[in-house]
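Observations on the model geometry
Take a look at the letters that make up each chain.
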Amino acid sequence: MVCVQLGLAVSVGLIDRLGADGTAWLRLAWAGLVLAVLVRPKLGEFTRRGLLTCALLGVVTAGLTFLFMAAVARIPLGTASALEFLGPLGVAVARGRGRARLWALVAAAGVLLLTEPWHGGADPAGVGFALAAAACWAGYIVLTQKVGDEASGLRGLAVSLPVAGLTATAVVALTDLQAVVHALDLRLLLVGLGLALLLPVVPFSLEMLALRRLSAAAFGTLMALEPAIALVLGLVVLHQVPGWSAVAGIGFVVAAGVGAERTGSRPVVEIPEPAAPVSSATRA
């Protein structure tokens, strides 16, 4: 979560150069290339359903990235992250049992304090983009768990992120390709590579490993910590000063995160490694 929010805070500085879509594309294109080169997944080792799930995860990841970058271009990082958290919160409420649902309600109170909807004045388009990103984040959690259960290691992610990169390239090609290409230089390309490692390569890899050990409900509620982290990094990196209501909201989301961590374990799913190819001598 720290990697995600730090990556987003740094990405805000690129929006003036590349636009929200161009910044999202640069991160996803590099991330897809890095994972494909490092992991080199063999598509023949996946079932048809597994490949389809990976591809769908890639499209959802691209949607999440584009929509959230559009949101933070219009509203503060902490507010955008709090609204986006409604996605995993919805997963926690839908799938949680007993106390898990109670912690989701506590987290919801924290989100209300962080966003302060009673004051109004937030950019409607920014709020809309953040809510759309929330829906994508809910789908991302469910699909990441499915991909993690079907493919060992990071093989599933090494398929989904290249798909996300290709989807992002298609979107930019239809919208801002000429402006993005004109603005790119060697420095921006290297910055984009660093940002891709910070977000999404490292955090998405950790999230896939976490979702093999946690229920989707527990994972979604644990993500309640993310708006609080976004609020702190928004203050430190972007100098976005929160009010007292937002500070109080941090206490609620941290309490929900601790509660979910204590009650949301999931049996570790053992993923069989791909069978070694049979040599010609063995077949004989």
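Structure: above.
Residue numbers run consecutively from 1 along every chain, following the written order of its sequence. pLDDT decides what is reported in this predicted model: residues at 70 or higher carry local features, side-chain atom pairs at 80 or more are listed and counted, and totals for whole chains, interfaces and linings draw on all residues regardless. Excluded from the side-chain calculations are hydrogens and water; all other atoms, namely the structure's heavy atoms, are used.

1. What about the overall build of the protein chain?
The helix and strand inventory of the protein chain stands at 14 helices and zero strands. Each helix (α) and strand (β) of the protein chain, taken in turn from the N terminus, gives the series α-α-α-α-α-α-α-α-α-α-α-α-α-α. Only protein chains enter the area calculation, which uses a 1.4 Å probe; residues under 20% of their type maximum are buried, those over 50% are exposed, and those in between are partly exposed. Within the protein chain, the fraction of its 284 residues that count as buried is 46%. When checking whether two residues touch, look at their non-hydrogen atoms; a contact exists if any pair is within 4.5 Å. Within the protein chain, contacts between residues separated by at least 24 positions form 89% of all contacts whose residues are at least 6 apart in sequence. Each helix is a run of H or I in the DSSP string that is no shorter than four residues. Each strand is a run of E no shorter than two, and both are numbered from the N terminus.

2. Some thoughts on the environment of Val4
Mapped onto the fold, Val4 is located in helix H1 (residues 2-12). By relative accessible area, Val4 is classed as buried at 8%. Apart from residues lying up to four places away in sequence, Val4 is in contact with Leu198, Leu199, Pro203, Glu207 and Glu226.

3. A few points about the pattern of salt bridges
Throughout this description, the term salt bridge denotes a Lys or Arg side-chain nitrogen within 4 Å of a carboxyl oxygen of Asp or Glu. Applying the stated criterion to the full structure yields three salt bridges. In this structure, Arg49 and Glu150 form a salt bridge, with 3.4 Å as the shortest nitrogen-oxygen distance. Residue Arg49 is located in helix H3 (residues 48-72), and its partner Glu150 is located in helix H7 (residues 124-150); the two are separated by 101 residues in the primary sequence.

4. What to know about the side chain of Thr61
Relative to the elements of secondary structure, Thr61 occurs in helix H3. From its side chain, Thr61 meets the backbone oxygen of Leu57 in a polar contact 2.7 Å long. What Thr61 contacts, discounting residues up to four positions off in sequence, is Leu28, Tyr140, Leu161, Ala164 and Phe204. Between N or O atoms, a polar contact is any pair within 3.5 Å; within protein, one atom must be a potential hydrogen donor and the other a potential acceptor, and residues adjacent in sequence are included only when both atoms are from side chains.

5. Remarks on the packing of H1 against helix H12 (residues 225-238)
Orientation is described by lines fitted to C-alpha atoms, with helices fitted over the stretch in contact, and by angles between N-to-C directions that extend from 0 to 180 degrees. At a closest axis distance of 9 Å, the pairing of H1 and H12 adopts a crossing angle of 40 degrees. The orientation of H1 relative to H12 falls into the category oblique. When the axes of H1 and H12 are compared, the crossing they make is right-handed. Between H1, through Val2, Val4, Gln5, Leu6, Ala9 and Val12, and H12, the contact on the second element is made entirely by Glu226, Ile229, Ala230, Leu233, Val237 and Leu238. All amino acids are sorted into three groups, where Ala, Val, Leu, Ile, Met, Phe, Trp, Tyr, Cys and Pro are nonpolar, Asp, Glu, Lys and Arg are charged, and the leftover types, Gly among them, are polar. A breakdown of the residues in the contact of H1 with H12 according to their chemical character gives ten nonpolar, one polar and one charged. Roughly parallel covers angles under 35 degrees, roughly antiparallel covers those over 145, roughly perpendicular covers 65 to 115, and oblique covers all other angles. The hand of a helix crossing depends on one turn: near helix anticlockwise from the far one by less than a right angle means left-handed, and clockwise means right-handed.

6. Observations regarding the packing of aromatic side chains
Centres within 6.5 Å are what make two rings of Phe, Tyr or Trp a pair, Trp counting through its six-membered ring; a difference in plane orientation under 30 degrees is then read as stacked, over 60 as edge-to-face, and the rest as tilted. Inspection of the entire model under this criterion finds one aromatic pair. Measuring from ring centre to ring centre gives 5.0 Å for Tyr140 and Phe204, while their planes differ by 45 degrees; the resulting arrangement is tilted. One end of the pair, Tyr140, is in helix H7; the other, Phe204, is in helix H10 (residues 186-211), with 64 residues separating them in the sequence. One exposure class covers both Tyr140 and Phe204, and it is buried. Positioned over the ring face of Phe46 is Arg155, at 5.2 Å from the centre of the ring. Lysine NZ or arginine CZ positioned within 6 Å of the ring centre and within 35 degrees of the ring normal marks a charge as sitting over the ring.

7. With respect to the packing of helix H2 (residues 15-39) against H10
Put simply, H2 and H10 touch, their axes get as near as 8 Å, and they point 70 degrees apart. In terms of their interaxial angle, H2 and H10 are classed as roughly perpendicular. H10 is crossed by H2, and the crossing has right-handed handedness. Facing H2, whose interface residues are Arg17, Leu18, Leu26, Arg27, Leu28, Trp30, Ala31, Val34 and Leu35, H10 presents Arg187, Leu188, Leu189, Gly192, Leu193, Leu195, Ala196, Leu197, Leu199, Pro200 and Val201.

8. Things to note about a nonpolar patch on the surface
Patches were defined on residues exceeding 30% relative accessible area and lacking a salt bridge, with like-charge contacts within 9 Å and nonpolar side-chain contacts (Val, Leu, Ile, Met, Phe, Trp, Tyr) within 5 Å. The Shrake-Rupley method, run with a 1.4 Å probe sphere, supplies the accessible areas, and residue values consider only the shown protein chains as cover. A surface patch of nonpolar side chains, amounting to about 540 Å² of accessible area, comprises Leu6, Val10, Val232, Leu235, Val236, Val237 and Val241. Tracing the sequence through the fold places Val241 in the loop between H12 and helix H13 (244-263).

9. What about unusual backbone geometry?
The omega torsion of the bond from Leu199 to Pro200 falls at 25 degrees, within 30 degrees of zero and hence cis. Inspection of the secondary structure assignment puts Pro200 in helix H10.

10. Things to note about the side chain of Ser11
Tracing the chain through its elements places Ser11 in helix H1. Setting aside its immediate chain neighbours within four residues, Ser11 contacts Thr23, Arg27, Met69 and Leu195.

11. Looking at the environment of Leu43
Secondary-structure assignment places Leu43 in the loop between H2 and H3. A C-alpha to C-alpha distance of 8.3 Å links Leu43 and Val159, two positions 116 residues apart in sequence.

12. Some thoughts on H2
Under the convention used throughout, the expected extent of a helix is 1.5 Å for every residue step, that is, one less than its residue count. The first and last C-alpha atoms of H2 sit only 30 Å apart over 25 residues, clearly below the 36 Å expected at 1.5 Å per residue. One or two residues past the end of H2 sits Arg40, with phi positive at roughly 45 degrees.

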